[in-house]
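Each chain is listed here by its residues.
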Amino acid sequence: MDEQVNATLRISAILSHGAEGEANTNKDYFNDLAEILTLAESAGLTEEQIDTIISNYEEIIADELNHLQRFNDLLTMVSGIEPNKN
């Protein structure tokens, strides 16, 4: 395998690792939010407090989704492999 192909594959793997990290972070946030919502009533949180927590988590998750998309865009740029449309 030539050096350029090897370097491209290695960079693609690095970018894929970044995307994986963002996806794992979101998975953790979803699990954390589910746990918070399970405990909220026992903790005496008001509906307003719960709504504030949910809206903040949604914003944080949306940021991570943006980061994931950016990693995927970089991966497509470097690898030259486009996602399937179906």
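Reading the values: rules and limits
- Residues numbered from 1 in each chain as written.
- Predicted model: local features only at pLDDT ≥ 70, side-chain atom pairs only at ≥ 80, totals over all residues.
- Heavy atoms only, no water.
- Axes fitted to C-alpha atoms, helices over the stretch in contact; angles between N-to-C directions.
- Helix = DSSP H or I, 4+ residues; strand = E, 2+ residues; numbered from the N terminus.
- Parallel < 35°, antiparallel > 145°, perpendicular 65-115°, else oblique.
- Left-handed = near helix turned anticlockwise from the far one by under 90°.
- Nonpolar A, V, L, I, M, F, W, Y, C, P; charged D, E, K, R; others polar.
- Phe/Tyr/Trp six-rings, centres within 6.5 Å; stacked < 30°, edge-to-face > 60°.
- Buried < 20%, exposed > 50% of the residue type's maximum accessible area, 1.4 Å probe, protein only.
- Expected span 1.5 Å × (residues − 1).
- Contact = heavy atoms within 4.5 Å.
- Bend = angle between axes of the 7 residues up to and from the residue.
- Polar contact = N/O pair within 3.5 Å; in protein donor to acceptor, adjacent residues only side chain to side chain.

Engineer: Can you walk me through the packing of helix H1 (residues 3–43) against helix H2 (residues 47–79) in this structure?
Structural biologist: Packed helix pairs are specified by the crossing angle of their axes together with the interaxial distance, meaning the distance between the axes. Running from N to C, H1 and H2 cross one another at 170°; their axes reach a closest spacing of 9 Å. Between H1 and H2, the angle is such that the two are roughly antiparallel. With respect to the hand of their crossing, H1 and H2 are arranged in left-handed fashion. Considered class by class, the residues forming the contact of H1 with H2 number 21 nonpolar, nine polar and three charged.

Engineer: Got a minute to help me understand the packing of aromatic side chains in this structure?
Structural biologist: How two aromatic rings sit relative to each other is given by the distance of their centres and the angle of their planes. As enumerated under the stated definition, the model contains one aromatic pair in all. Judged by centre distance (6.1 Å) and plane angle (85°), the rings of Tyr-29 and Tyr-57 are edge-to-face. Taken together, the residues span a long stretch of sequence, with Tyr-29 in helix H1 and Tyr-57 in helix H2 at a distance of 28 residues. A residue is classified by how much of its surface remains accessible, and Tyr-29, at 24% relative accessible area, is partly exposed.

Engineer: Would you mind going over H2 with me for this structure?
Structural biologist: For an α-helix, 3.6 residues make a turn, and residues three or four places apart therefore share a direction. The end-to-end C-alpha separation of H2 is 47 Å, in line with the 48 Å expected for 33 residues at 1.5 Å each. All of the buried residues along H2 are Ile-50, Tyr-57, Ile-61, Glu-64, Leu-68, Leu-75 and Thr-76. The inward-facing, buried residues of H2 contact H1. Just downstream of H2 lies Gly-80, where phi reads positive at about 75°.

Engineer: Got a minute to help me understand H1 in this structure?
Structural biologist: The end-to-end C-alpha distance of H1 is 58 Å, a good match for the 60 Å that 41 residues give at a rise of 1.5 Å each. The sharpest bend along H1 comes to roughly 25°, located at Leu-37. Within H1 the residues assigned to the buried category are Ser-12, Leu-15, Gly-18, Ala-19, Glu-22, Asn-26, Leu-33 and Ala-40. In this structure Asp-2 caps H1, since a side-chain oxygen of it lies 3.3 Å from the backbone nitrogen of Gln-4. At the C-terminal side of H1, Gly-44 shows a positive phi close to 80°.

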